[in-house]
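Structure at a glance
Spelled out, the chains give:
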Amino acid sequence: MRRGLRFVPVAALAAVVAELAVFVGVGRAVGFGSAVLLVFAASLLGLVLLRREGMRAWRGFRAAAQAGAPPGPQVTDGLVGLLGALLLAVPGLVSGVVGLLLLVPPVRRLAGAGVRRATERRVSSMVAGDLFGPRRVRVRRGDAAPSAQPQEPAPTVVDGGRAIEGEIVER
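**Let's talk about the packing of helix α1 (residues 8-30) against helix α4 (residues 93-102)**
α4 packs onto α1 with a crossing angle of 100° between their chain directions and a minimal axis gap of 7 Å. Judged by the inter-axis angle, α1 sits roughly perpendicular to α4. Counting all contacts with α1, which are made through Ala18, Glu19, Val22, Phe23 and Val26, the residues of α4 involved are Leu93, Val94 and Ser95. For the contact of α1 with α4, the per-class residue count stands at six nonpolar, one polar and one charged.

Here it is, written out as structure tokens:
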């Protein structure tokens, strides 16, 4: 069992307490009926957006698959959109605000980049390459400091220097 899973019950309890505290605060500020109406409207909007975001994610995935492009960017964008709509559909003011923020394009791109990084850390580099395409790395030019270690001997050339087919296996 993963270490982070032991905090799920505590986090769920904290989320419920935060939702209740915010609801009571908003209820005192604008009235109980208005607060209930606000939660109901946000949940209804979330349900409508949940269907729209699901269809959008499916269309993006299909278009990427048909074009032969890596589906990862469309999948992560779709997942973030679905999570935002789902959080908006769940009754609660805090979850509604977080869900609404996840539907705003700059926040959505930022969250999608986080999902991509987390996915790349958890899957093999081959699977990550299939999902997201080749990785981009930044290389900076500069003066390399001379190394204090002795130079390695030149590699031994086998079979006349022809390429050998194979695959890289990570251990």
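**Concerning helix α5 (residues 105-122)**
Owing to its 3.6 residues per turn, the α-helix aligns residues three or four sequence positions apart on the same side. Taking 1.5 Å of rise per residue, the 18 residues of α5 would be expected to cover 26 Å, and the 26 Å separating its terminal C-alpha atoms lies within 8% of that figure. Those residues of α5 that sit buried are Arg108, Gly112 and Glu120. Along the axis of α5, the buried positions cluster into a sector of 105°, meaning they face one direction only. The exposed residues of α5 that point more than 90 degrees off its buried face are Leu110, Arg121 and Arg122.

**Things to note about the nonpolar core**
Most often, soluble globular proteins have nonpolar side chains that are buried together. Membership of the largest hydrophobic core is limited to five residues, which are Ala42, Leu49, Ala85, Leu88 and Leu103. In this structure, Leu88 is in contact with Ala42, Ser43, Leu45, Gly46, Leu49, Ser95, Gly96, Gly99, Leu100 and Leu103, ignoring residues within four places of it in sequence.

**Quick look at the environment of Gly133**
Summarising the element assignment, Gly133 is placed in the segment after α6 (125-132). Classification of Gly133 by relative accessible area gives buried; the value is 6%. Along the primary structure Gly133 and Pro71 are separated by 62 residues, whereas in three dimensions their C-alpha atoms are 8.7 Å apart. In contact with Gly133, not counting residues within four places along its chain, are Pro70 and Ala128.

**Remarks on the side chain of Thr76**
Secondary-structure assignment places Thr76 in helix α3 (residues 72-89). Here the side chain of Thr76 touches Pro73 through a polar contact of 3.0 Å, landing on its backbone oxygen.

Quick notes on the rules
Residues numbered from 1 in each chain as written. Predicted model: local features only at pLDDT ≥ 70, side-chain atom pairs only at ≥ 80, totals over all residues. Heavy atoms only, no water. Axes fitted to C-alpha atoms, helices over the stretch in contact; angles between N-to-C directions. Helix = DSSP H or I, 4+ residues; strand = E, 2+ residues; numbered from the N terminus. Parallel < 35°, antiparallel > 145°, perpendicular 65-115°, else oblique. Contact = heavy atoms within 4.5 Å. Nonpolar A, V, L, I, M, F, W, Y, C, P; charged D, E, K, R; others polar. Expected span 1.5 Å × (residues − 1). Buried < 20%, exposed > 50% of the residue type's maximum accessible area, 1.4 Å probe, protein only. Arc of directions from axis to C-beta. Core = buried A, V, L, I, M, F, W, Y, C linked by side-chain atoms within 4.5 Å. Polar contact = N/O pair within 3.5 Å; in protein donor to acceptor, adjacent residues only side chain to side chain.

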